[in-house]
Amino acid sequence: MPIQCDYHMHTPLCKHATGPMEDYVQHGIELGLREIGFADHNPLPNRLSNNVRMEEAELDYYVERVTELRFRYRGKIDVMLGLEMDYIEGLEDYLGRQLAKYPWDYVIGSIHFLDNACREPSWPRKYAGDGHALYARYFERMQQLARSGLCDIIAHFDVAKRSGHLPGESEAEDVTATLQEIKTAGICMEINTSGYRHSELPDPQPYPMLSIVEQALTLGIPLTVNSDAHAPDQVGFKFREMETFLKRKTCGQLAKFDQRKRTMYAL
Ligand SMILES: [Zn+2]
Ligand SMILES: [Zn+2]
């Protein structure tokens, strides 16, 4: 069976994605997907980084729009309600309240902030030349996220490589410890194909890089493949390649979600 679900769609509400939501859904139908899930960037308190995410006042509208699309496309494709939640240490209560308000099908947890003021684009500046320190902090945050119980799916595991540093030998221990934490937490990890689109990466691969996907498979961490589409034609991006890779690695199943319950389907 092919990959059936793409759970990581953005919408123009986040101000850096383009195209009407319907076009994402229609593209998913054309590709033969069974499920397509929106997971736009969540609002944060005090309008923190609101230039790349929806406003708090827009969250109701977002949920309504996804629900409306689910109804309109029923029988053709299942439109799922998700959220990409930025984890920030100290905001657990705020995030917990935000999640409790709506009937999410799944929550994708991301690390874009190493602390309140240090968002992803500023990482290279802050950690100039010290990739090891950057990864140490980054993976510490990801382990906190895994333990927090707030999310169902860990987003783009090694996105810190956008800083220009690839995780190497000296990060191996942190990578293994973080995967172990995800396994212990009993949550899922995405293979995020947007890495193939990010031409600034020294070695374009998905997030996480394929050698880390293999490690996750060995540990038995449930996986899902997501495109992180910020435009309709990015839906299902590189899914064929991922399917071939996973089957070669004898990965027999992938995760799907409904009302925050995970089941597995055969690949
Ligand atoms: Zn985005
Ligand atoms: Zn992200």
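To start, this report covers the structure provided alongside it. (Residues numbered from 1 in each chain as written. Chains lettered and ligands numbered in written order. Predicted model: local features only at pLDDT ≥ 70, side-chain atom pairs only at ≥ 80, totals over all residues.)

Turning our attention to the overall build of the protein chain. When you go through the protein chain residue by residue, the secondary structure sums to eight helices and 11 strands. Its C-alpha radius of gyration of 17 Å places the protein chain within 12% of the 18 Å reference for a compact globule of 267 residues. Along the three orthogonal principal directions, the C-alpha set of the protein chain runs to about 50 × 45 × 35 Å. The 267 residues of the protein chain split such that 44% are buried. Contacts in the protein chain between residues at least 24 apart in sequence constitute 76% of all its contacts with a sequence separation of at least 6. (Helix = DSSP H or I, 4+ residues; strand = E, 2+ residues; numbered from the N terminus. Rg over C-alpha atoms; globule rule 2.2 N^0.38 Å. Buried ≥ 20, exposed ≤ 12 C-beta atoms within 10 Å, placed from the backbone. Contact = placed C-beta atoms within 7 Å.)

Turning next to the nonpolar core. Counting residues in hydrophobic clusters, the biggest one holds 70 residues, and the most contacted among them are Ile36, Ile153, Ile154 and Met189. It is helix 5 (residues 131-148) that contributes the most residues to this core, seven residues altogether. Among residues more than four places away in sequence, those in contact with isoleucine 154 are Gly109, Met142, Ala146, Ile182, Ile187, Met189 and Glu190. (Core = buried A, V, L, I, M, F, W, Y, C linked by C-beta atoms within 7 Å.)

So, on to the packing of helix 5 against helix 6 (residues 172-185). Packing of helix 5 against helix 6 leaves a shortest axis separation of 9 Å and a crossing angle of 5°. Taken together, the axes of helix 5 and helix 6 are roughly parallel relative to one another. Together, Tyr135, Ala136, Phe139, Met142, Gln143, Ala146 and Arg147 of helix 5 and Asp174, Thr178, Glu181, Ile182 and Ala185 of helix 6 make up the contact between the two elements. Split by residue class, the contact of helix 5 with helix 6 holds seven nonpolar, two polar and three charged. (Axes fitted to C-alpha atoms, helices over the stretch in contact; angles between N-to-C directions. Parallel < 35°, antiparallel > 145°, perpendicular 65-115°, else oblique. Nonpolar A, V, L, I, M, F, W, Y, C, P; charged D, E, K, R; others polar.)

All right, on to the packing of helix 6 against helix 7 (residues 210-219) then. Remark: helix 6 packs on helix 7, axes separated minimally by 10 Å, with the N-to-C direction vectors making an angle of 40°. Taken as axis vectors, helix 6 and helix 7 run oblique relative to one another. Between helix 6 and helix 7 the crossing geometry is right-handed. Of the residues in helix 7, those in contact with Val175, Leu179 and Lys183 of helix 6 are Ile212, Gln215, Ala216 and Leu219. Here the residues of the contact of helix 6 with helix 7 are counted per class, giving five nonpolar, one polar and one charged. (Left-handed = near helix turned anticlockwise from the far one by under 90°.)

The peptide bond linking tyrosine 207 to proline 208 adopts the cis configuration, its omega dihedral lying at -5°. Positive phi, close to 55°, is recorded for arginine 47, a residue that is not glycine. Looking at where arginine 47 falls in the secondary structure, it is placed in the loop between strand 2 (35-41) and helix 2 (59-72). The exposure class assigned to arginine 47 is exposed, which follows from the 11 C-beta atoms found within 10 Å.

Attention now goes to the environment of glutamine 180. Considering the arrangement of structural elements, one finds glutamine 180 in helix 6. With 41 residues separating them in the primary sequence, glutamine 180 and isoleucine 221 have C-alpha atoms 8.9 Å apart.

What follows deals with helix 2. In a regular helix each residue adds 1.5 Å, so 14 residues correspond to 20 Å; helix 2 covers 20 Å between its end C-alpha atoms and thus fits that length. Of all the positions in helix 2, only Tyr62, Val66 and Leu69 are classed as buried. Axial view of helix 2: buried residues confined to an arc of 60°, hence all on one face. Facing away from the buried side of helix 2 by over 90 degrees, the exposed positions are Asp60, Tyr61, Glu64, Glu68, Phe71 and Arg72. Lining the buried residues of helix 2 we find helix 1 (21-30), strand 2 and strand 3 (78-86). (Expected span 1.5 Å × (residues − 1). Arc of directions from axis to C-beta.)

This part takes up the sheet that holds strand 9 (residues 223-226). The sheet built from seven strands is open, its strands ordered 1-2-3-4-7-8-9 with parallel pairing. Looking at which strands have only one partner, the edges of the open sheet turn out to be strand 1 (5-9) and strand 9. Here four bridges tie strand 8 (residues 188-192) to strand 9, and the two strands are oriented parallel to one another. Residue pairing for strand 9: methionine 189 is matched across the bridge by leucine 223. (Pairing = 2+ DSSP bridges.)

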